[in-house]
Amino acid sequence: MSPTHVIEGLEVDGISGQDVVVVGAGPAGLMLAANLVRFGVKTTILDDRADKTSTGRADGLQPKSIETLKQMRLADPLLQRGVRIHDICFWSSDKDTPLKRTERTEHFPSMVDLLDPYILLVHQGMVEDIFLQDLKTRGVEVTRSSPFVKYRNHGSGIALDVFSRSATIGKERLWQSKYLVGCDGAHSQVRKAIPDIRAEGSSSEAIWGVLDGIIETDFPDLWSKVVVYSEEAGNVLCIPRERNLTRLYIELRPESDAPIDKEKATQEFVIDRARQILAPYSLSWESVEWFGIYQIGQRVANKFTDDARRVFIAGDASHTHSPKAAQGMNTSMHDSLNLAWKLNLAVRGLAKPSLLETYELERRKIAQDLINFDYEHANAFHDGDAKALARNFLTNVRFISGVGVEYGANPLNRVTDTPGGAKPGSLLPPAKLTRYIDANPVDAQLDIPMLGQFRTYFVCKDVHRSKDFMKSVCAHVSSSDSVLGRASEALEASYQDQAPAPTESDSYIQPQRYVASSRLSTFCLITTTSKPDFEIADLPEVLQASKWTVYLDNVPQQDTRGQHCIDKWTGALEDEQIALLVVRPDGYVGAMKSWPSSTESSAQASAWLDDYYGSFLVC
């Protein structure tokens, strides 16, 4: 048994030192913890629930989330079991016209450049499970039935005191931690504990019921995503799910001026309303797995962190909205993805204050963008305006998919007018390359696993013309004269003291392939020079060591747009030019610029890299 301590009059069962305490074991908390543990950050996960999500809650993964899980090498179980939604149908009726289909369209039209142009419908518990299994292989499990109580900040350089209470034995436990992150939902206790943070916004009077179950019906579009509008009875959103389940969101429109009484909104009441909306089609349930009632609330916290940037909030703790656009779980997980690698560098003493400041700058903007979209989306649902709903969806479809979630200028994003699609503050467009070493065609943006590293790409048409430029820049970035060189050396020392736990999956991922030159940045080469025309041994030492990230741009026919990767990412690059492209650990472009491929230009490129990395790294 752990010893009992008395701290400031409180009986505390055990004291544990951590780098980060994560409160909440939903998708946001588990995405954060899974990445932190992979980076070797000592992490504790607290959750007030006795077990993972078993029914209900979120159920849709957007294309960007699918890509993220692929890059984490966690997507396969979900892709095997989930339902893929490629189309969306609109139905309507009024007092004079019976229910009929008014439109069928692609869910993600071809104008959006997507590797996975569908929504993957999977239960939230399945998403949680892939993270829980990954954490377990790394020796970390959720501390359950342990709600967060409070925290104390004793000042800079001193660990936070984070208190939880065991629901089984009733004693409080103290966790001493460098950072605390609240991923504990819309009623976040962590948010409430941070001075001067509040959720701002409002709730609609509209009340909706939600049902997960196995349906028997003669409605013809059960296996498409469907919006049904009845002028007299209200709206239904129908979403197919795994295991032959279907989810229905049912608007409980009041029959008089008085709002619906939640107490009277029983499962039978909601089922009856669904039947009214879908009439004349029959509707019955073989079984109901989950039933709930909710009221739409659209809120964003005024701040996502305390003033000292030691305590953060993410996911529903920082923003809430309606569930009908399948954004909540996706946005929440990407909050965490944004924060995880920044905390890793901060824990290891490499982050300037400007790095952690970018979390709120970037993710609060996205939360506000989401609320603005959701406000129009929810109103169009409520009004039954199919044209407005379709128009709003089409206008925001890049944002909905996740690939259109973009950040503004800050130290991480050197926003400039670049000719290609690799724009700072944006995600890399999908592209196809051939890996030089084994001749495998790969997805350019996904081939390198997420290890908390930047990616620094040399992009050129002609390897031989660019050889001297690359040799000069590579010599600089690997030396102590450069920010990257000094920071890489410091990070290597940190990893010697505190490394990730090795796992069986590492034998397949082979992470050492991507840290051969630096734990801070994987160095890469993309070229249209043909394979017989150069050898790995012809390249500078940094790129020789990075032989698994040397790529040939020779398979445009496999691309989503039939384009070469270089043309897609950097625009029309001339034969005598070379571009440097810096991609952040979360897949966003940080900076991109091209130069004449000469030794003289290499000094400018080296200074450019120093200026970029030096703006947020202690070096």
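Please read all numbers here as calculations on a predicted model, not as lab measurements.

Thresholds, definitions, all that
Residues numbered from 1 in each chain as written. Predicted model: local features only at pLDDT ≥ 70, side-chain atom pairs only at ≥ 80, totals over all residues. Heavy atoms only, no water. Helix = DSSP H or I, 4+ residues; strand = E, 2+ residues; numbered from the N terminus. Rg over C-alpha atoms; globule rule 2.2 N^0.38 Å. Buried < 20%, exposed > 50% of the residue type's maximum accessible area, 1.4 Å probe, protein only. Contact = heavy atoms within 4.5 Å. Lys, Arg positive; Asp, Glu negative; His and termini not counted. Charge placed at Lys NZ, Arg CZ, Asp CG, Glu CD. Pairing = 2+ DSSP bridges. Axes fitted to C-alpha atoms, helices over the stretch in contact; angles between N-to-C directions. Parallel < 35°, antiparallel > 145°, perpendicular 65-115°, else oblique. Left-handed = near helix turned anticlockwise from the far one by under 90°. Nonpolar A, V, L, I, M, F, W, Y, C, P; charged D, E, K, R; others polar. Core = buried A, V, L, I, M, F, W, Y, C linked by side-chain atoms within 4.5 Å. Domains from an automatic or database assignment. Expected span 1.5 Å × (residues − 1). Phe/Tyr/Trp six-rings, centres within 6.5 Å; stacked < 30°, edge-to-face > 60°. Lys NZ or Arg CZ within 6 Å of the ring centre and 35° of its normal. Patch = residues over 30% accessible without salt bridge, like charges linked within 9 Å, V, L, I, M, F, W, Y side chains within 5 Å. Areas by Shrake-Rupley, 256 points an atom, 1.4 Å probe, with all protein chains shown as cover. Salt bridge = Lys/Arg side-chain N within 4 Å of Asp/Glu carboxyl O. Arc of directions from axis to C-beta. Buried area = accessible area lost by both parts, 1.4 Å probe. Polar contact = N/O pair within 3.5 Å; in protein donor to acceptor, adjacent residues only side chain to side chain.

### Quick word on the overall build of the chain
Working step 1: Looking only at helices and strands, the chain has 16 helices and 25 strands in total.
Working step 2: Computed over C-alpha atoms, the radius of gyration of the chain comes to 26 Å, within 12% of the 25 Å expected from 2.2 N^0.38 for 619 residues, which places it in the range of a compact globule.
Working step 3: If one aligns the C-alpha atoms of the chain with their principal axes, the spans along those axes are about 75 × 65 × 40 Å.
Working step 4: The buried share of the chain, reckoned over its 619 residues, is 59%.
Working step 5: Looking at the chain alone, contacts between residues at least 24 apart form 72% of all its contacts between residues at least 6 apart.
Working step 6: When the 67 basic and 82 acidic side-chain charges of the chain are each reduced to a single mean position, those positions are 2 Å apart.

### Overview of the pairing of strand β16 (residues 283-301)
Working step 1: Here strand β12 (residues 199-217) runs beside β16; their pairing, made up of 16 bridges, is antiparallel. Bridge assignment links Gly201 to a residue of β16, and that residue is Arg299.
Working step 2: When β16 meets strand β18 (residues 319-320), the two strands line up antiparallel, connected through 2 bridges. Of the residues in β18, the one forming a bridge with Arg299 is Thr320.

### Points about the packing of helix α2 (residues 63-71) against helix α7 (residues 328-347)
Working step 1: Two elements in contact, α2 and α7, have axes whose closest approach is 10 Å; the angle formed by their N-to-C orientations is 45 degrees. Taken together, the axis directions place α2 and α7 in an arrangement best described as oblique. As for how α2 packs across α7, the hand of that crossing is left-handed. Between α2 and α7, the residues in contact are Lys64, Ser65 and Thr68 and Asn330, Met333, His334 and Leu337, respectively.
Working step 2: Taken together, the residues of the contact of α2 with α7 break down into 2 nonpolar, 4 polar and 1 charged.

### What about the nonpolar core?
Grouped burial of nonpolar side chains is what soluble globular proteins tend to show.
Working step 1: Core analysis: the biggest nonpolar cluster contains 82 residues, and Leu180, Leu343, Leu345, Phe454, Phe458 and Tyr613 have the highest contact counts within it.
Working step 2: Broken down by element, the residue count for this core peaks at 7 residues, all from α7.
Working step 3: In this structure, this core is formed jointly by two domains, domain 1 (14-58 + 122-200 + 300-401) and domain 2 (426-615), each of which donates at least three residues.
Working step 4: Counting 36 residues, the second largest nonpolar core, distinct from the first, contains Leu121, Trp208, Val227 and Tyr588.

### Some words on helix α12 (residues 483-497)
Working step 1: In this model, α12 (15 residues) spans 21 Å end to end at C-alpha, consistent with the 21 Å of a helix rising 1.5 Å per residue.
Working step 2: Those residues of α12 not exposed but buried are Val483, Leu484, Gly485, Ala487, Ser488, Leu491, Ser494 and Tyr495.

### Focus on the environment of Tyr281
Working step 1: Among the structural elements, Tyr281 can be located in the loop between α6 (267-278) and β16.
Working step 2: Under the relative-accessibility criterion, Tyr281 is labelled partly exposed at 24%.
Working step 3: Between the alpha carbons of Tyr281 and Lys365 there is a distance of 43 Å; along the sequence they are 84 residues apart.

### Focus on the pairing of β12
Working step 1: Pairing of β12 with strand β15 (residues 246-251), which is carried by 6 bridges, proceeds in the antiparallel orientation. Bridge pairing in β15 links Gly213 to Thr246.

### Notes on the packing of aromatic side chains
Two descriptors summarise a pair of aromatic rings, namely the distance from one centre to the other and the angle between the planes of the rings.
Working step 1: Summed over the entire model, instances satisfying the criterion amount to 17 aromatic pairs.
Working step 2: Ring geometry for Trp91 versus Tyr281: centroids 5.7 Å apart, planes at 85 degrees, classification edge-to-face. Linking Trp91 in strand β6 (residues 87-93) with Tyr281 in the loop between α6 and β16, this pair joins segments that are 190 residues apart in sequence.
Working step 3: Feature note: the residues Trp341, Phe454, Tyr612, Tyr613 and Phe616 constitute an aromatic cluster, connected by ring pairs.
Working step 4: The side chain of Arg519 reaches across the aromatic face of Tyr495, ending 4.5 Å from its centre.
Working step 5: One cation-aromatic arrangement involves Lys531 over Tyr436; the distance from NZ or CZ to the ring centre is 5.0 Å.

### Things to note about the sheet that holds strand β5 (residues 83-85)
Working step 1: With antiparallel pairing, the 3 strands of this open sheet are ordered in space as β4-β8-β5. Two strands close off the open sheet at either side, each with one partner strand: β4 (60-61) and β5.
Working step 2: Alignment of β5 against strand β8 (residues 119-121), held across 3 bridges, turns out to be antiparallel. Bridging from a neighbouring strand, Arg84 pairs with Leu120 of β8.

### Observations regarding a negative patch on the surface
Working step 1: A cluster of acidic residues, Asp94, Asp96, Glu231 and Glu232, forms a negative patch at the surface.
Working step 2: Mapped onto the elements of the fold, Glu231 is located in the loop between β13 (225-230) and β14 (234-240).
Working step 3: On the basis of relative accessible area, Glu231 is assigned to the partly exposed category, the value being 38%.

### Digging into unusual backbone geometry
Working step 1: With an omega of 15 degrees, the peptide bond running from Ala279 to Pro280 counts as cis.
Working step 2: Along the chain, Pro280 falls in the loop between α6 and β16.
Working step 3: One non-glycine residue, Arg73, lies in positive phi territory at about 65 degrees.
Working step 4: Structurally, Arg73 can be placed in the loop between α2 and α3 (76-81).
Working step 5: Residue Gln510 is not a glycine yet carries a positive backbone phi of 55 degrees.
Working step 6: Within the secondary structure, Gln510 sits in the loop between α13 (506-509) and β22 (521-527).

### Focus on α6
Working step 1: Between its terminal C-alpha atoms α6 stretches 17 Å, which fits the 16 Å expected from 12 residues at 1.5 Å a residue.
Working step 2: Taken together, the buried positions of α6 are Val270, Ile271, Arg273, Ala274, Ile277 and Leu278. Viewed end-on, α6 has its buried residues packed into an arc of 160 degrees, placing them on one side of the element.
Working step 3: The elements touched by buried residues of α6 are β12, β13, β14, β15 and β16.

### Here we look at the domain arrangement of the chain
Working step 1: By domain assignment, the chain separates into domain 1 (14-58 + 122-200 + 300-401) and domain 2 (426-615).
Working step 2: Summarising the inter-unit geometry, the C-alpha centres of domain 1 and domain 2 are found 31 Å apart.
Working step 3: Counting from both sides, the interface comprises 20 residues of domain 1 and, opposite them, 22 residues of domain 2.
Working step 4: Both sides together, the interface formed by domain 1 and domain 2 hides about 1,700 Å², and carbon and sulfur atoms give 53% of it.
Working step 5: When the buried area of domain 1 at its contact with domain 2 is split by residue, Arg138, Trp341 and Arg348 rank highest and sum to 35% of it.
Working step 6: Counting across the interface, domain 1 meets domain 2 through 1 salt bridge.
Working step 7: The salt bridge partner of Arg584 is Glu362, with a shortest N-O separation of 2.7 Å.
Working step 8: Between domain 1 and domain 2 we count 10 residue pairs in polar contact (both at pLDDT 80 or more) in total.

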